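Listed below are the residues making up each chain.
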Amino acid sequence: MLEYLLANPWTALVAVLIGGIALIAGGEWLVRGASSVALGLRISPLVVGLTIVALCTSAPEMAVSFSSVLRAGAEGANDVADVAIGNVVGSNICNILLILGCCAMIRPLKAQELIVKRDFPVYVVIALATCALAFPFVKENGDRYFPQWLGIVFLLAFVAYEIVAIKQARRDENAAHMANVVDVVVPDAVPQGLSEPLREVAKKSQGAAVATTPEVAQDRAPVKTNWALAILQILIGLVALVGGARYFVDGSVTVARALGVSELVIGLTLVALGTSLPELTVSAVATYRNQIDVALGNVVGSCICNVVLILGGTLLLAPGGLALKTQTVFVDIPVMLVSGAIAAWFCLTDRKLERWEGAVLLLMQAGYAFYLVKFA
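Brief notes about the overall build of the protein
When you go through the protein residue by residue, the secondary structure sums to 16 helices and 4 strands. Within the protein, contacts between residues at least 6 apart in sequence are counted, and of these 82% link residues at least 24 apart. By element, 69% of the accessible surface of the protein is carried by carbon and sulfur atoms, the whole surface being about 17,400 Å².

Notes on the environment of F346
Mapping F346 onto the fold places it in helix 15 (residues 326–350). Taking the C-alpha atoms as reference points, F346 and G358, 12 residues apart in sequence, are found 9.3 Å from one another. Apart from the residues within four sequence positions on either side, F346 is in contact with K352, L353, W356, E357, V360 and L361.

Quick word on the side chain of Q365
Considering the arrangement of structural elements, one finds Q365 in helix 16 (residues 355–375). Excluding residues within four positions of it along the chain, Q365 makes contact with I93, C94, L97 and L98.

Comments concerning the pattern of salt bridges
Evaluation of the coordinates by the stated rule reveals 3 salt bridges. The residue R118 makes a salt bridge to D119 at a minimum N-O spacing of 2.9 Å. Exposure class is identical for R118 and D119. Each is buried. Connected through salt bridges with shared partners, the residues E113, K117 and R351 form a single ionic network.

Some words on a nonpolar patch on the surface
On the surface, a cluster of nonpolar side chains totalling about 360 Å² of accessible area is made up of W29, L229, L232 and I236. Considering each element in turn, the nonpolar patch owes the most residues, 3 residues, to helix 11 (residues 227–258). Note on placement: L232 falls in helix 11.

Here we look at the packing of helix 4 (residues 59–70) against helix 14 (residues 292–316)
It is at 9 Å that the axes of helix 4 and helix 14 come closest, and there the two elements cross at 20°. Relative to helix 14, helix 4 is oriented roughly parallel. Here the hand of the crossing between helix 4 and helix 14 comes out right-handed. Residue-level contacts link E61, M62, S65, F66 and V69 of helix 4 to N306, L309, I310, G313 and T314 of helix 14. Along the lines of polarity and charge, the residues of the contact of helix 4 with helix 14 split into 5 nonpolar, 4 polar and 1 charged.

With respect to the nonpolar core
Here is a general trend for soluble globular proteins: nonpolar side chains tend to be buried in one another's company. Within the largest apolar cluster, 56 residues are counted, with the highest numbers of intra-cluster contacts made by I96, L100, F120 and F146. Elements with a contribution of two residues or more to this core: helix 6 (77–106), helix 7 (113–133), helix 8 (150–184), helix 14, strand 3 (322–324), helix 15 and helix 16. With 13 residues, helix 14 is the largest single contributor of residues to this core. The contact partners of L100, leaving out residues within four places of it in the chain, are N95, L109, F120, L296, V299, A343, L353 and L361. C56, L241, F248 and V249 belong to the second-largest nonpolar core, a separate cluster that totals 16 residues.

Quick word on the environment of I18
Along the chain, the position of I18 falls in helix 2 (residues 9–40). A sequence separation of 226 residues divides I18 from G244, and the C-alpha atoms of the two residues are 7.0 Å apart.

What about the packing of helix 7 against helix 14?
The N-to-C vectors of helix 7 and helix 14 enclose an angle of 30°; their axes lie 10 Å apart at closest approach. Here helix 14 runs roughly parallel to helix 7, going by the angle between their axes. Judged by the twist between their axes, the crossing of helix 7 over helix 14 is left-handed. From helix 7, I115, D119, F120, V122, Y123, I126 and T130 reach across to helix 14, where they touch L296, G297, V300, C303, I304, V307 and V308.

Thoughts on helix 11
Between its first and last C-alpha atoms helix 11 spans 46 Å; for 32 residues at 1.5 Å apiece the expected length is 46 Å, and the two agree. Immediately downstream of helix 11, the backbone of G260 shows phi near 80°, a positive value.

Quick look at the confidence of the model for the protein
With 75% of its residues at a pLDDT of at least 70, the protein reaches an overall mean of 77. Mean pLDDT across the elements of the protein ranges from a minimum in helix 10 (residues 214–220), with 45, to a maximum in helix 15, with 93. Throughout residues 184–194 the model reports pLDDT below 50, and contacts reaching past four residues in sequence, or to other chains, amount to 15 contacts. Long-range and interchain partners of residues 204–220, a stretch whose pLDDT sits below 50, account for 21 contacts in this model, where long-range means more than four residues apart.

What counts as what
- Residues numbered from 1 in each chain as written.
- Predicted model: local features only at pLDDT ≥ 70, side-chain atom pairs only at ≥ 80, totals over all residues.
- Heavy atoms only, no water.
- Helix = DSSP H or I, 4+ residues; strand = E, 2+ residues; numbered from the N terminus.
- Contact = heavy atoms within 4.5 Å.
- Areas by Shrake-Rupley, 256 points an atom, 1.4 Å probe, with all protein chains shown as cover.
- Salt bridge = Lys/Arg side-chain N within 4 Å of Asp/Glu carboxyl O.
- Buried < 20%, exposed > 50% of the residue type's maximum accessible area, 1.4 Å probe, protein only.
- Patch = residues over 30% accessible without salt bridge, like charges linked within 9 Å, V, L, I, M, F, W, Y side chains within 5 Å.
- Axes fitted to C-alpha atoms, helices over the stretch in contact; angles between N-to-C directions.
- Parallel < 35°, antiparallel > 145°, perpendicular 65-115°, else oblique.
- Left-handed = near helix turned anticlockwise from the far one by under 90°.
- Nonpolar A, V, L, I, M, F, W, Y, C, P; charged D, E, K, R; others polar.
- Core = buried A, V, L, I, M, F, W, Y, C linked by side-chain atoms within 4.5 Å.
- Expected span 1.5 Å × (residues − 1).
- pLDDT = per-residue confidence, 0-100.

Here it is as structure tokens:
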């Protein structure tokens, strides 16, 4: 059916429509399943966004980049590199400028301290490293490229980040639990007039008794989760995301090629926007429901995953590495870096992304899209 739809640009538009619907539906199913699993495991909403949801909503980018490299023999290495790199860089630009901008326009996004002090800086450092690594590796013909071994470095960075994020989440959960225990303790219950050593003994005895009270026991009780339904939702969502990504991207590429659009612009715009639809859907719904941690964590976590996981994995699958065009080195990757730094600065100033700041991000997205259409 896919080959029939892509036979000409007009039927390819139908493939784009089918793929877009599958992406949105798949993202919704996958997020519901992932959130149920996270609640059952007692993981905080922020960690859900930074890990499970971010990984799941990055599945389209992974499918597009990996499949483009695996089909390199049929389409040509240069075009494949343009689509693969353009997909990652363009998706990150869309995530920061378009998705965060839209979410901030729905309601101001109050950022947790952890995102401001750890996750946003991590992404900015990764983007800065990507920008710096685009210059030193030059082929004999003068073209710049990312070497294949760089993929191992990116993947190791991804593993390290996930380990730190999960350990930090566990520490925060334990600290929150201890705070709940302290809140249950009634200070006046400690007898007055005792010496300091005796008061400490009384407090410890009281704290041990409180640790077994129904309030604390209920706080530590696992949330009931329908694991079979949650796993089924995740599997259906992943299938819909991967299939929808292929229909949307292949249809968009067919239409763009018929209009004479270059492969790099296709990767930076149509492919990047299409594969960012799950992040946009998830973050917009989460913001509307006032689940700001999920919205911000999804965007920042997806951006990190796109570079260190997806670009890293793509490089490992590409013998000889991926070639870089001049525009990618001097325009697109720097835009990815600057957009992330500006969004991080907005959140750092008052721990919140205001509506006017979201409007600034949307204007930057519009300006970048205009540049691509007009000059790229």
